[in-house]
Amino acid sequence: MSRLLRIALHGICVAVLLGCGAARLLAQEPAKQDATKADASKQEPSKKEADEEDENPFAPQPAPALPPGMKGSDVNDPRYKLTPGLYDAGETSMGLKHLILVKKPDAFQLGTTDPEDPKVEKTVKQLGIGNVAKIPKPMQLVIAQLAFSNSDLAFQGNHLFQGNFYGMNIFDISNPANATLITSMVCPGGQGDVSVYKNLMFMSVEMPNGRLDCGTQGFPPEPPPTPEEQKEKKHRLPAAQKDRFRGVRIFDISDIRNPRQVAAVQTCRGSHTHTLVVDPNDKNNVYIYVSGTSFVRQPEELASCSGEKPDKDPNTALFRIDVIQVPLAAPRDAKIVSSPRVFMDARTGALNGLSNGGSHDKEEQKPRDSDQCHDITVYSAIGLAAGACSGNGILLDIKDPVHPKRVDAVNDPNYSYWHSASFSNDGSKVVFTDEWGGGLGARCRPNDPNKWGADAIFRLKDDKLTFANYYKMPAAQSDTENCVAHNGSLIPVPGRDIEVQAWYQGGVSVMDFTDPDHPMEIAYYDRGPIDPKVLILGGDWSAYWYNGYIYGSEIARGLDVFELTPMQNLTQNEIDAAKSVHVTEENVQNQQKIEWPSTLVVAKAYIDQLARSQALSTDKIASLRNAIAGAEKSHMNAGKVKKLKGMAGSLEKSASSAKSPVDASRMRALAEILKNPSA
């Protein structure tokens, strides 16, 4: 979730939530009445200003007419008109079985959807926002809900770590269909994204209510803006606080039920997200790439922080990321070791060397410099990282992880905010997401273009990105469902590029992008809107595959667990082959290369794919299936196995004349398994 209220509140400063002030949220003080109408007209807000102040940006707003040449979402899809509800909404799915919803613990619930409830105003005040009474009640409710939102996921062994703006929860997933809460840790500061490595857990903190001691009291609310600040729409930084924390927390989780904070690395912009980086050549340290998207704190709070433009201060905290080194033997000594200028123009040395080039978004129509990365996905196996950096998608060389270097960058006028990225397993493609609306907007309505708020799929060759096509969840959603592309991960089906992805209240969609020019949806799950009249923040923040199951971090409700089921475009053999891949840890932004075992279930998956694409004759497919069935039935009898090995040469010969490079690759992979198969 990005740029939070700066986008979603139609121009209200992100600082409403992040503490910079609340210029447009705060209604003007009543003007003193003078004797003449002329004087009164100068002092009273205009009708337009008053209407803007009273406007509820979360009231249902139908999408405008489709721009010429654009297509919208499908209103005939069964996901379009599901009945609303929090825990009793209508549900529909294809190829995904919903196993369980584990509801949020009480400590992580706002406990109301009524804007008039005193809990709402109390929560907003705890965020440090001043003059709360001037903020319209519906806006207060959304801000308060965000303070308890579930965020990203990480995995280790039989444990799932779920971040939250208010802290984090750890679950036992040894039986995914009966996932249970182990422990909760209240530690506000947003947005609470987590990652894990061995006995360490890392948490992102960006909001100014974060405290070094994880206290819930926040800091005193900021005073109301002065008349001059209101008039000039100045955004005051929150008062410096010695106990404020914005950056990356480090916990020792040796005792999984009692995480213990061992370090807290402060950064100038806080940490909206972070990426765990493991250097294969450095066994003593891990690294954290910090992406801060918020305001720069003043130097009185953290020395050397500057929010000036590069022409005024070449040491500005803008236009960079931060790299934290964490010594595994002494994590308390973690520190920032570099701040790479990944936006620099190498020819001129200008720090602001990248621009979004302009966008369809009315907030971004004029070209704007990119000065922040939202998410960075590292793929150490190929020495590259893909950065989704607000106005651009960038490619980084990370062979030296302390000093990543940009090797390519792309932009797209159909994109509003480059949010996250995933590589295909072979590193030949990158999927970027566009978080149009910041996660708080309905962006899947019937007239919302299917190129906006979508995925953009790029080919990757010789460190260069080349656009292929867009993919957007095809079903239309209602005016009260926040919906846009968000976090996902690969599903390890051999021979195919498949990604499961969260779309907030658009649900979960499974996309096949094996052919990057023609991506297609092959499975989905969706609920109806939380509320039919008001946009209540909810839906799946992340949807990730981990050791055979899909886990969704549901913002308002809790934790979803899904299982794939066979369908027209995905067989049981392919699902079983995906389930044969196991990892000990999963931090999705630290992408691991998938390796499949040389087993007959993987071989059967390749055969199903070759049959689907008609790359081999029906007789050849039948012979392969019969030979594998015979080997399995005989418990890998030597004679049956010898027969399998004898079929490998024919497959390699067929691969050399295959019409499709994808099918040729499948044939070769199948032949390798048949040469040395295991049950």
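Residues numbered from 1 in each chain as written. Predicted model: local features only at pLDDT ≥ 70, side-chain atom pairs only at ≥ 80, totals over all residues. Heavy atoms only, no water.

## So, the overall build of the protein
Cut-off, in case you're wondering: Each helix is a run of H or I in the DSSP string that is no shorter than four residues. Each strand is a run of E no shorter than two, and both are numbered from the N terminus. Between buried and exposed lies partly exposed: a residue is buried under 20% and exposed over 50% of the maximum accessible area for its type, with that area taken using a 1.4 Å probe on protein chains only. Any two residues having at least one pair of non-hydrogen atoms within 4.5 Å are treated as being in contact. What sets the accessible areas is the Shrake-Rupley method with a 1.4 Å probe; for residues, cover comes only from the shown protein chains. We treat Lys and Arg as the positive residues and Asp and Glu as the negative residues; His and chain ends play no part in the count. For the purpose of locating charges, the reference atoms are NZ of Lys, CZ of Arg, CG of Asp and CD of Glu.
Counting its regular elements, the protein contains 13 helices and 30 strands. Across its three principal directions, the C-alpha atoms of the protein cover 105 × 55 × 50 Å. The 679 residues of the protein split such that 59% are buried. Contacts in the protein between residues far apart in sequence, at least 24 positions, make up 63% of those at least 6 positions apart. Put simply, the protein shows about 26,700 Å² of open surface, and 50% of that area lies on carbon and sulfur atoms. Averaging the locations of the 75 positively and 83 negatively charged side chains of the protein gives two centres separated by 3 Å.

## Let's talk about the nonpolar core
Put simply, the test is: Residues grouped as a nonpolar core are buried Ala, Val, Leu, Ile, Met, Phe, Trp, Tyr and Cys residues, joined through side-chain atoms within 4.5 Å.
L110, V124, L127 and I129 are the most contacted members of the largest nonpolar core, which has 30 residues in total. Put simply, the parts of the chain that give this core at least two residues each are α5 (118–126) and α6 (137–146). Among the elements that line this core, the one with the most residues is α6, at 5 residues. In this structure V124 touches I129, V132, I135, Q140, I143 and A144, once residues within four positions along its chain are discounted.

## What about the pattern of salt bridges?
How we decide: For this analysis, a salt bridge means a side-chain nitrogen from Lys or Arg found within 4 Å of a carboxyl oxygen belonging to Asp or Glu.
Evaluation of the coordinates by the stated rule reveals 28 salt bridges. When the shortest N-O distance is used, the salt bridge between R269 and D371 registers 4.0 Å. You can see R269 sitting in the loop between β10 (260–266) and β11 (273–277) and its partner D371 sitting in the loop between β14 (335–338) and β15 (375–379), a full 102 residues away along the chain. Taken as a pair, R269 and D371 share a single burial class, namely buried. Put simply, R211, D213, K242 and D243 are held in one network by salt bridges that share partners.

## Some thoughts on the confidence of the model for the protein
As a reminder of what qualifies: Each residue carries a pLDDT value, the predictor's own confidence for that position, ranging from 0 to 100.
For the protein, the mean per-residue pLDDT works out to 90, and 91% of the residues sit at or above 70. Note on residues 3–54: pLDDT under 50 across the span, and 105 contacts to partners over four residues away in sequence or across chains.

## As for the side chain of E554
Which entries qualify depends on this criterion: Whenever two N or O atoms come within 3.5 Å, that pair is a polar contact, provided that in protein one can donate a hydrogen and the other can accept it, and provided that, for residues adjacent in sequence, both atoms are side-chain atoms.
For E554, the location among the structural elements is in strand β28 (residues 549–554). Within the structure, E554 has its side chain in polar contact with the backbone nitrogen of A556 (distance 2.8 Å). When neighbours within four sequence positions are excluded, E554 is seen to be in contact with N150, Q162, R527, G538, G539, D540 and D560.

## So, the sheet that holds strand β27 (residues 540–546)
Worth spelling out the cut-off: Pairing between strands is defined by DSSP: at least two bridges between the two strands are required. For helices, the fitted axis covers only the stretch in contact; all axes are lines through C-alpha atoms, and the angles between them, taken along N-to-C directions, range from 0 to 180 degrees.
If you walk across this open sheet you meet the 9 strands as β1-β26-β25-β24-β23-β27-β28-β29-β2, and the pairing is mixed. The open sheet terminates on both sides in strands that have one partner only, identified here as β1 (91–94) and β2 (96–103). Here the average twist between neighbouring strands, direction ignored, is 20 degrees.

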